[in-house]
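# Remarks on the overall topology
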Amino acid sequence: MIQGRKLILVLILLVTVMACPTGRSQFLMNSEIEMAEMGSVAFADMQSNTPRSVDTAQTAYVQCVAGAITGILTSQELRPIAVDYWEVELFEDPTANAFALPGGKMGVHTGLLVVAISPAQLAAVLGHEVGHVLARHGNERGSQTSIVQSGISAAQILVGADTP
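Rules of the game
For every chain, the first residue of the written sequence is number 1, and numbering continues from 1 onward in sequence order. Side-chain atom pairs in this predicted model are given and counted only at pLDDT of 80 or more, local residue features only at pLDDT of at least 70, and totals for whole chains, interfaces and linings cover all residues. Excluded from the side-chain calculation are hydrogens and water; included are all heavy atoms of the structure. Going along the chain from the N terminus, every DSSP run of H or I of four or more residues is numbered as a helix, and every run of E of two or more is numbered as a strand. A simple rule labels every residue: compare its accessible area, found with a 1.4 Å probe on the protein chains alone, to the largest value its type can have, and call it buried under 20%, exposed over 50%, or partly exposed in between. In what follows, residue pairs with any heavy atoms lying within 4.5 Å of each other are defined as contacts. When DSSP finds two or more bridges between two strands, those strands count as paired. Structural elements are reduced to axes, namely lines fitted to C-alpha atoms, with helices fitted over the stretch in contact, and the angle between N-to-C directions of any two is expressed from 0 to 180 degrees. One less than the number of residues in a helix, times 1.5 Å, gives the span that helix is expected to have. The arc under discussion is defined with respect to the helix axis, by the directions toward the C-beta atoms. Think of a polar contact as two N or O atoms within 3.5 Å of one another; within protein, one of them needs to be a possible hydrogen donor and the other a possible acceptor, and neighboring residues in sequence only count if both atoms come from side chains. Only buried Ala, Val, Leu, Ile, Met, Phe, Trp, Tyr and Cys residues count toward a nonpolar core, and they belong to the same one when joined by side-chain atoms within 4.5 Å.

Relative to the assigned elements, Thr70 resides in helix α3 (residues 56–70). For Thr70, a relative accessible area of 14% puts it in the buried group. For Thr70, the residues in contact, after removing those within four places along its chain, are Trp86 and Met106.

Written as structure tokens, this is what we have:
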């Protein structure tokens, strides 16, 4: 019974820590260089598993708009530490999606160009994605997940449950 109460207490503590508003301070477990390496690996995986667009006009258009967004990231306070330039790829995929990864990697799906029909609309989406990288949201989310998983493992040990 006491072990069950400990488990409940640990879970309540974890949920409280993860859910309570604390401003925008972040708990980050990985360095910028580690995140850039993870971004590069994920991007290479995407490149090997998703066909790239062969439409040179669309590719040039996406790279031009992306260049306008990433070109302003030259000042030291805006440029992520591990990014010297941004690699931009147009993937042949019908979904309306785009992403930016730590390490200066950006992908756009051709389906986004059906929805974002003007350069301003495309720039809004790409700027939003780059904003996630600058705000270190991937590192924050991964760090939170690691903490929760560690807490669950600790709780399982406390109550003597078998770990998966």
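Here we take up the sheet that holds strand β1 (residues 87–91). Reading across the sheet, the three strands line up as β1-β3-β2 and stay open at both edges, with mixed pairing between neighbours. In the strand order of this sheet, the two ends are held by β1 and β2 (98–101), each with one partner. The average angle at which neighbouring strand axes cross in this sheet is 15°, direction not considered. Across five bridges, β1 lies against strand β3 (residues 105–109) in parallel orientation.

Next up on the list: the environment of Ala98. Examined against the element boundaries, Ala98 turns out to sit in strand β2. Residue Ala98 is classed as buried on the basis of its relative accessible area of 5%. Sequence separation between Ala98 and Leu126 is 28 residues, and the spatial gap between their C-alpha atoms is 7.0 Å. In this structure Ala98 touches Gly107, Val108, Leu112, Val125, Leu126 and Glu129, once residues within four positions along its chain are discounted.

In a regular helix each residue adds 1.5 Å, so 15 residues correspond to 21 Å; α3 covers 20 Å between its end C-alpha atoms and thus fits that length. The set of residues buried in α3 consists of Thr59, Val62, Val65, Ala66, Ile69 and Thr70. Here the buried residues of α3 occupy an arc of 135° about the axis, which is enough to place them on one side. Facing away from the buried side of α3 by more than 90 degrees, the exposed set consists of Thr56, Ala57, Cys64 and Ala68. The inward-facing, buried residues of α3 contact β1, β3, α4 (112–115) and α5 (119–134). Two to three positions downstream of the cap, the backbone nitrogen of Ala57 sits 3.0 Å from a side-chain oxygen, assigning the N-cap of α3 to Asp55.

The alternating pattern of β2 places Ala98 and Ala100 and Phe99 and Leu101 on opposite faces, both of which are buried. Here four bridges tie β2 to β3, and the two strands are oriented antiparallel to one another. Paired with Ala98 across the two strands is Val108, which belongs to β3. Counting the residues in the hairpin turn of β2 and β3 gives three residues, including Gly103, whose phi is positive at 95°.

This part takes up the nonpolar core. In this structure, Val62, Met106, Val108, Leu122 and Leu126 are the most contacted members of the largest nonpolar core, which totals 18 residues. When residues of this core are traced back to their parent elements, those giving at least two are α3, β1, β2, β3, α4 and α5. In this view, Leu126 contacts Val65, Ala66, Ile69, Ala98, Met106 and Val108; residues no more than four positions away in its chain are not counted. In this structure, Phe43, Met46, Phe91 and Leu101 belong to the second largest nonpolar core, which totals five residues.

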